Every structure is written in C-alpha cells, then in structure tokens.
Amino acid sequence: MKHEKAKKFGMVIDLDKCTGCGSCMVACMAENNVPFREDETDKLLSVAWMRVYKLTNGKPFPDADICYLPRPCQHCEGHHGHSPCVSVCPATATDYDTRTGIVSQIYARCFGCRYCMAACPYHVRLFNWYDPVWPDGMEQSLNPDVSVRMRGVVEKCSFCIQRYQMAKDRAYMEGREDIEEEDYQTACTQACPADAITFGDLNNPHHKVHQLARPDHRNGGKPRAKNLFRLLERLGTNPKVYYKSSREWVRNLGDNHDAIQEKA
Amino acid sequence: MDTALIPKGVKRCPLPQFLAGLGAAHVVLLWGVFAMLLCWLKGLNQTNMNNAYGFAMWIWADRAVIALGGGAFFTGFLRYIVGKDKLKYIINYAVLIGFICYSSALLILAIDIGQPLRGWFIFWHANVHSMLTEVAFCLTAYFFVLCVEYLPLVLENRQIDKVPFFHNLTHNMHEIMAVFAATGAFLSFFHQGSLGGVAGVLFGRPFGFREHILIWPFTFFLFTWSAAACGPCFTILITKITEAIARKKLVKDDVIELLAKISGWMMLTYIIAKTIDTIYWAVVTAPSKGLALSHFYTNNALYGYWILILEVVICGWVPALILITDKGRKNQFTLWLAVILAVIGVSLNRWVMVLQVLAVPVMPFIKWVLYFPSWQEVATTILPVAYGVILIMISYRYLPIFPQEAELNPLEPPALPEDEPEAGEEAAQEAEVQEDQKTGEGDLQPAEA
Amino acid sequence: MFPFSFEWIWDMVHMVFHGALWYALSIIGMGMTYCIIKAAYDSAQGSKGDHH
C-alpha cells in the first residue's frame, strides 16, 4: 500500500474582507447539525462551532475602527500533535490526526468531563447543556452525514471532516489517488460571500492556503507572509488557522503583549 | 435502646436525641439528593456552568475535599511508616474524615459529568497522558484503601466484634495495616499531584500553567505538599469541633500538638515553595506568554490582588508560623485560628486553580466572565457535608473512634483514672445527656465543605 | 484499562502507568485476601486474637 503524504488542513481568513455577515456561522450550523434553542440570548450556553467576534480599536470617532474575526476550531498541533485539548481528554474521545492535522471529537466516547473546554484558550469547545430539539419538520433537513449530538457531550468544529471523507470516496470511485483542492472545502469557506476564507492543505505548495500563509514548518508553522498572524501565538498551541489584516491594531489583538510592553 | 451497640466505657446521648439530630442532617441530605436527581435527570443545564465555565463549584469542591481529606494518608504515613506511634489516638478519626472526603469526591464527580452512565469510560478508554485519568485511577484505588482502613473500625463495634471471624479479620488487618497505609500514601502522592497537574498542564491557560519538573508541572508537587500539610489541620479542626459539640475531650493535647507541629513544618516548607512558584510564574512563565501579573488580578469585579495575599500570606505564612511555635500550638485560640486559616488557605488555592484559571480572559478581545453557582450546585455540594455529618454521628456513637475517650472521660469520676479504656460500665448509658452531635449538620458544615 | 482494549499500546507510558496501578491494586487485593483467609482459618481453629 502506498504511503500517503501527510496533509495539514488549515485556513487563512482575511479580516480585511470579512464583513461580519455571519454566513459562515449559518452555513456551519446547517452543515453540521449544530443544535440551537428557542431562546439564544445567553451566548455562553449557545453552541456555535464558528463564532464571529467583533473587535474594536477602542478609539473615539473619527478614529474608531472595527473588525470582525471569525473563529473556527484552530486545530492546534502544539508540539508533535500535543494540542491543548487532545492530551487532556481522559477517555481518548478526541484525537489529533497526523494524516490530516484535524483535531477530531468522538461524541459517542465523550462522557462530558469538560476538561478539554478548560484547556482550550480559544473557547472553541462547547458543551451540550440541553438535548437538541429541532422545530417540527426541520429534522427532515438535517445532514445525514453528520451525527446529531446528545446532551452532556462536548462538540466543536471538525473542518467539516465528513466532506473530506466524501471527497476521498469520490476520488477513489473515480480512480484518482488523491483529492484535489476544490474537492474538499469547508461549509464556511464556501458560504463566505466576501471570499474571506481560504481553505486547503498547508503542506501542499500548490494550494492557495499554503501560498497565502507560507507556513514555516521548521518554526512551529509561523506565517512567513506579511500581515499574517495566528491567535495567541506565544502560547505555543501551533494553530492551523491564520488571520490576515493590513491593520496593525488588528494584528496586535491577536496576542497578548502587556508583559512585553511593560518590559520595553 | 441501642446501649448494646455503644462502645464500653463511654457515654452517649439518649437515642431520641440522637435520632432527632440524625433526622435534621437527613433533611439537608434529601435536599441535596433532590438536586442531584435533577442534575442527573434534566442534565447540567440545572447548573450555572456555561461554555466559559466548564469547571466550576463542583470541581472546586472535589479538589478541596480531596486536599482536606489528605489528613488520612499523611497521618497514616506518619503513624505506620515514619513510626509516630502517638498518632494512633487520632488515626481512626483521620481515616473516617478521609473516607467521607473521598467518597464525597467520587459522588461529586458522578454528578459533574455530562453523561454519568458513561463514567466508566475514563477507566476503560483511559488516556494515560491525561492528568484526569491519573486522578480517577488513583482516587478510586485510594478509596479502596480507605475502605480497607475504615473496615476494621466498623468491625470493632461491640456486637460485630463478638463474631470470631470478624474479630480475627480486624486483628489481621491491623497486623498488616502498614502495608495498606504505604499503598495509600503511594496512591495519594499521585492523585493529589495529578489534581495539581490538572491546571498546571494547561499551556493554553497562562493563569494555571506552570513549568515542568521531570514530567510533572510544579503544581503537581505543590498540591501533594499542601494536602499533606493542610489535611492534618482539617483533621484537627474536625476533632476540635467534635469535642466542642460533644462537650468533652476526645484526644489528648499532646497528640493534637504533635500533629499540629508536623503540619506546621509541612506548611512552612509548602508555603516557601508556593511563594517561589508564584514569583517564578509572575516574572518568567506568564510574561513568556505575553501576560503581566496585573492581567490576572485587575479589570474584574472579584479577583484582585487580595486573593493572592489572602491565600499565600494570611492563610499560608500565618498558620505555618503559628504552628511551628510551641506557644502557638499550646494556645487554644491560636491553634484554632491556625487550623481554620490553613483550611481556608488550601480551599482558596483550589478555588483559584479551578475558577480563576477559567475566569481570566486569554484572547485579548474577550472579557472576564464571572460565575455564581445555582441552588442545585450549592445543594449538591452541601449534600456530602450532610452525608459526612451523618457518618460521623453514627460512627462516633457506635464505633470506638477515639481510643482515649474513656480514659479522658471516666464514667465515674472517683474511679481509677488509669483504667483500661474498655473497662467501663454499660449501665450509665442513659445517665447523662450529652450534646454530642445533636446539632446535626449545622456546626460541621464549613469545615466539612 | 486492560491490554485487550483497543487503545492499549505497549509503550513505556502505558507500562509505567498501568504497572503502578495494578501493582497497587494487587497489594490491596492480596492483602485483603490474606486477611480474610487467615481470619477464616483462625476462626476455624477457635483462636480469638487480641488486637487491643
């Protein structure tokens, strides 16, 4: 059997393009059967794999500026696959796949201890505080390729892993050895009307995401491209979601600098 | 009515009074059980936890009771391994308190998980890299040890002891208790440490993350050390409260003072290490993540520098310095003060290492999130307290928990004071009304929690 | 937990972790077994040891 070259799926999100419309959130919920409640006022109880944060530069008019930051799971690699959440799960219910770089979640294995939530600094891991209840008839429109999660387990963005499975199946049926870049795209990427999200294999120099991010794999995957940054770079989580912004204050908000500034 | 079950040579309150106290504790217990059932049947939406607070009051309570129950393993270690023979007069109570604490911790964990019926996955599908796995295994295994240590005490009940098999079993278990105690100390080292590691390994949470020594973060050692230091203080505190409620001396001062002295030196060494750890974390670890110390203690309504000062100075250095001095241990006021401060200190440490870790915003564009428990969380946290009170009441009444009780409280004052503890009379059981335990859960609550 | 569960890997971490665990559990188990068997034997012999 031919040894498959390891992939490293990741994203570049252009924050200068993002309008904060929320299409990515909606597409994600529809694609992944993400549950919702009648009353979603308490956002701390909401389940949203993709969340759009509103960033402000804190300045008064006329210098006020805002930026919207979509935040999917960062699919951290950490050091050698030790992402913050994977190593802490006591029941091996989450895994870092070295063949794809995707951090998975096994819903039927998770028993809801929530240690992974405590470990994740990006708040991408969400707990099902309630049983999912779908409005009458809506269960007919659920995605049959994604299992619906029950109350009491943790879930999170999977980079639409089911689409990767389907792309691989299709490639196999068509006699292709590997999938093409466009064969596997996440729902949020396709739904973004501003084309702010680019998704692909960070290890593949032909993929646009690689060309945009130019990750330095010998330096923990840090971006070599100008104006690119990753969230909380200093923690050493080694995430695979890159953000792009021409605005310095936005890039500065990607990490904590207070101790560094104090030292200076 | 139950005279035949009460140990020889000691007096207990009349049965109706005992049952009234027991009933009061049961009311609280049932309240907790009701809340527990709500959580199990309706899910964790009954709590005020949310996606910012995956861990909250229960996990704090869990870590706190395990730290406070540390008196059992450390007193056992001192008594059986180090050979501090005098501690045999308090070891029974230390074991009972430890048993209550650990069984409570297991119960709380069973309520805390989102899918309680899958709780066994942690054993079956164990991820040996997870600190929580280590906690679950060692905690459960150590609970077996506590059962083994508590069992002889139950078998020493006057009526059970009459059965030759049980009598011999108790005798044999006492013979090899050092082996069980050593195993318990071994297991405790790992689970107390792993509980510290739970926050210490979170490199995504700079408030909890600590540098590693060997394969463990520094909090691993700090948690073990603090449990060994403060656990005995909790044993002393509960003993003192029991004495106050029973209105009689149950353990001689020299025993308490010995335990307090060891605890004091343990606390002093712990608090030195904790201070070094805090300074290193504040000037090296946290800044390496881009965060200044002020980030963790400002811009929010609760967590200020006061909490650090309260934990390390007032509830750390002060009790340690009191307990290492002869005067401090002999003076009842300072002794009470020191053990109460130590208990608060270790509980506060567990609180910040659970809740403040999660409260501190890590992404620069989010804010602090504060949390207040729901009544269901409060009730289920008080549930183990009521359970503990009930178990202490029953054990104190029917089992020879305090070997020095009969000697310290002779039934007929003029009779030989040097009498054997078991040489008392049965007749006087109803003679004198004592207040022991009549208040039920009330007075024991803060300490047990 | 057991070598036949499919996540089990015969690596150093598993051997150290489970080795220590089963070592401790074995001591508890064997200790209790010894006490129970000896108590049954002693009782059958009619002895009543004194532990006080």
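Residues numbered from 1 in each chain as written. Chains lettered and ligands numbered in written order. Predicted model: local features only at pLDDT ≥ 70, side-chain atom pairs only at ≥ 80, totals over all residues. Heavy atoms only, no water.

Caption draft 1: A look at the overall build of chain B. Each helix and strand in chain B was counted, giving 17 helices and two strands. Relative to the 2.2 N^0.38 estimate, which gives 22 Å for 449 residues, the radius of gyration of chain B is 22 Å and therefore close to what a compact globule would have. Projected onto its principal axes, the C-alpha coordinates of chain B cover approximately 75 × 50 × 40 Å. Counting only residues that meet the buried cut, chain B has 65% of its 449 residues in that class. (Helix = DSSP H or I, 4+ residues; strand = E, 2+ residues; numbered from the N terminus. Rg over C-alpha atoms; globule rule 2.2 N^0.38 Å. Buried < 20%, exposed > 50% of the residue type's maximum accessible area, 1.4 Å probe, protein only.)

Caption draft 2: Representation of the overall build of chain C in the model. Check the secondary structure of chain C and you find one helix and zero strands. The buried share of chain C, reckoned over its 52 residues, is 35%. When the accessible area of chain C is evaluated, it comes to approximately 3,400 Å², of which 73% is carbon and sulfur surface. (Areas by Shrake-Rupley, 256 points an atom, 1.4 Å probe, with all protein chains shown as cover.)

Caption draft 3: Examining the interface of chain A and chain B more closely. Between chain A and chain B, the contact holds 55 residues from the first and 53 residues from the second. Carbon and sulfur atoms make up 60% of the area that chain A and chain B hide from each other, which totals about 4,400 Å². Considering only the side of chain A, the residues that lose the most area to chain B are Phe111(A), Tyr115(A) and Trp129(A), jointly responsible for 16% of the buried surface there. On the surface where chain A and chain B come into contact, there are one salt bridge. Notably, a salt bridge pairs Arg114(A) with Asp112(B), separated by 2.9 Å at the nearest N-O pair. (Contact = heavy atoms within 4.5 Å. Buried area = accessible area lost by both parts, 1.4 Å probe. Salt bridge = Lys/Arg side-chain N within 4 Å of Asp/Glu carboxyl O.)

Caption draft 4: Representation of helix α14 (residues 332-359) of chain B. Residues and elements named next belong to chain B. Across its 28 residues, α14 extends 39 Å between first and last C-alpha, which sits within 8% of the 40 Å expected from 1.5 Å per residue. If you look at α14, its biggest bend is around 30°, right at Val 352. Extensive coverage of α14 is indicated by the burial of 21 of its 28 residues. Its side-chain oxygen 2.7 Å from the backbone nitrogen of Phe 333, Asn 331 forms the N-cap of α14. (Expected span 1.5 Å × (residues − 1). Bend = angle between axes of the 7 residues up to and from the residue. Polar contact = N/O pair within 3.5 Å; in protein donor to acceptor, adjacent residues only side chain to side chain.)

Caption draft 5: The arrangement of the environment of Tyr303(B) in detail. All names here are of chain B. Tracing the sequence through the fold places Tyr 303 in the loop between α11 (293-297) and α12 (305-323). Placed 57 residues apart in sequence, Tyr 303 and Val 360 show a C-alpha to C-alpha distance of 9.1 Å. Contact partners of Tyr 303, with chain neighbours within four places excluded, come to Phe 296, Tyr 297, Thr 298, Trp 351, Leu 355, Gln 356, Ala 359, Trp 368 and Leu 370. At a separation of 3.1 Å, a polar atom in the side chain of Tyr 303 contacts the side chain of Trp 351.

Caption draft 6: Up close: helix α6 (residues 131-155) of chain B. Residue and element names in this part refer to chain B. Taking 1.5 Å per residue, 25 residues should reach 36 Å; α6 reaches 36 Å between its end C-alpha atoms and fits that length. Burial within α6 is extensive, with 21 of its 25 residues counted as buried. Put simply, Ser 130 is the residue that caps the front of α6, since its side-chain oxygen is 3.2 Å from the backbone nitrogen of Leu 132.

Caption draft 7: A look at the sheet that holds strand β11 (residues 228-229) of chain A. Residues and elements named next belong to chain A. Read across the open sheet, the four strands follow the order β8-β1-β12-β11; overall the sheet is mixed. Strands with a single pairing partner mark the edges of an open sheet, and in this sheet they are β8 (197-201) and β11. Strand direction decides the pairing type here: strand β1 (residues 9-14) and strand β12 (residues 241-244), joined by four bridges, are parallel. Following the sheet pairing, Ile 13 is matched in β12 by Tyr 243. (Pairing = 2+ DSSP bridges.)

Caption draft 8: View of the packing of helix α9 (residues 218-246) of chain B against α14(B). Residue and element names in this part refer to chain B. Between α9 and α14, the least distance of the axes is 9 Å, while the angle of their chain directions is 140°. Comparing their axes, α14 and α9 come out oblique. Seen along the crossing, α9 lies across α14 with a hand that is left-handed. Every residue of α14 that contacts α9 at Thr 219, Phe 223, Ser 226, Ala 227, Cys 230, Cys 233, Phe 234, Ile 236, Leu 237, Lys 240 and Ile 241 is listed here: Gln 332, Leu 335, Trp 336, Val 339, Ile 340, Ala 342, Val 343, Val 346, Asn 349, Arg 350 and Met 353. Residue classes in the contact of α9 with α14 are distributed as 16 nonpolar, four polar and two charged. (Axes fitted to C-alpha atoms, helices over the stretch in contact; angles between N-to-C directions. Parallel < 35°, antiparallel > 145°, perpendicular 65-115°, else oblique. Left-handed = near helix turned anticlockwise from the far one by under 90°. Nonpolar A, V, L, I, M, F, W, Y, C, P; charged D, E, K, R; others polar.)

Caption draft 9: The arrangement of the packing of aromatic side chains in detail. Residues and elements named next belong to chain B. Tallied over the entire structure, the rule returns 41 aromatic pairs over all chains. An angle of 25° between the planes, with centres 5.2 Å apart, marks the rings of Tyr 297 and Tyr 305 as stacked. With a relative accessible area of 36%, Tyr 305 lands in the partly exposed category. Over the aromatic face of Tyr 396 sits the side chain of Arg 12, whose NZ or CZ is 3.7 Å from the ring centroid. When the ring centre of Phe 18 is taken as origin, the NZ or CZ atom of Arg 397, which lies over that ring, is 4.5 Å away. (Phe/Tyr/Trp six-rings, centres within 6.5 Å; stacked < 30°, edge-to-face > 60°. Lys NZ or Arg CZ within 6 Å of the ring centre and 35° of its normal.)

Caption draft 10: Representation of the pairing of β8(A) within the structure. All names here are of chain A. Counting buried positions along β8 gives five out of five residues, so the element sits mostly inside the fold. Pairing analysis gives five bridges linking β1 to β8, with the strands arranged antiparallel. For Val 12, the partnering residue across the bridge sits in β8 and is Thr 198.

Caption draft 11: Region of interest: the state of the cysteines. Counted under the stated rule, the structure contains zero disulfides over all chains. Cys188(A) supplies the cysteine sulfur nearest to Cys160(A), a cysteine that is in no disulfide, at a spacing of 6.1 Å. The structure places no disulfide on Cys233(B), whose sulfur is separated from the nearest cysteine sulfur, that of Cys230(B), by 5.7 Å. (Disulfide = S-S within 2.5 Å.)

Caption draft 12: Region of interest: the environment of Thr75(B). Residue and element names in this part refer to chain B. Among the structural elements, Thr 75 can be located in helix α3 (residues 70-82). Judged by its relative accessible area of 0%, Thr 75 is buried. Among all residues touching Thr 75, those that are not within four sequence positions of it are Leu 87, Ile 90, Ile 91, Ala 94 and Leu 259. Here the side chain of Thr 75 touches Gly 71 through a polar contact of 2.4 Å, landing on its backbone oxygen.

Caption draft 13: Spotlight on the pattern of salt bridges. Per the stated rule, a full pass over the model turns up 29 salt bridges over all chains. In this structure, Asp183(A) and Arg176(A) form a salt bridge, with 2.7 Å as the shortest nitrogen-oxygen distance. Close ionic contact of Asp85(B) with Arg79(B) constitutes a salt bridge, the shortest N to O distance being 3.3 Å. One continuous salt-bridge network, built from bridges that share partners, spans Lys240(B), Glu243(B), Lys249(B) and Asp253(B).

Caption draft 14: Looking closely at the environment of Ser83(A). Note that Ser83(A) resides in the loop between β3 (66-71) and β4 (94-97). Counting along the chain gives 56 residues from Ser83(A) to Ala27(A), while the straight-line C-alpha distance between them is 26 Å. If near-sequence neighbours (up to four positions away) are discounted, Ser83(A) is found in contact with Cys76(A), Glu77(A), Gly78(A), Val103(A) and Phe203(B).

Caption draft 15: Representation of the packing of helix α2 (residues 57-68) of chain B against helix α8 (residues 177-200) of chain B within the structure. Residues and elements named next belong to chain B. Here α2 crosses α8 at 150°, and the two axes come no closer than 10 Å. Classified by the angle their axes make, α2 and α8 are roughly antiparallel. The way α2 lies across α8 gives a crossing that is left-handed. Where α2 abuts α8, its residues Arg 63, Ile 66 and Ala 67 lie against His 191, Gln 192, Leu 195, Val 198 and Ala 199.

Caption draft 16: Expanded view of the pairing of β1(A). Counted residue by residue, β1(A) has six buried out of six residues, so it is predominantly covered. What you see with β1(A) is no split at all: Phe9(A), Met11(A) and Ile13(A) on one side and Gly10(A), Val12(A) and Asp14(A) on the other are buried throughout.

Caption draft 17: Looking closely at the confidence of the model for chain B. Predicted confidence across chain B gives a mean pLDDT of 90, with 92% of residues reaching 70 or more. Across residues 419-449 of chain B, where pLDDT falls below 50, the model places 81 contacts with residues more than four positions away in sequence or in other chains. (pLDDT = per-residue confidence, 0-100.)

Caption draft 18: Seen up close, unusual backbone geometry. All names here are of chain A. Of note, the amide linkage connecting Phe 61 to Pro 62 takes the cis form, showing an omega dihedral of 10°. Structurally, the position occupied by Pro 62 is in the loop between β2 (51-56) and β3. Phi at His 123 takes a positive value of approximately 55°, unusual for a residue other than glycine. Structurally, His 123 can be placed in the loop between α2 (115-119) and β6 (126-127). Its identity as a non-glycine residue notwithstanding, Phe 159 has a phi of 55°, on the positive side. Its place among the elements puts Phe 159 in the loop between β7 (154-155) and α3 (161-173). Phe 159 sits in the buried class, given a relative accessible area of 1%.

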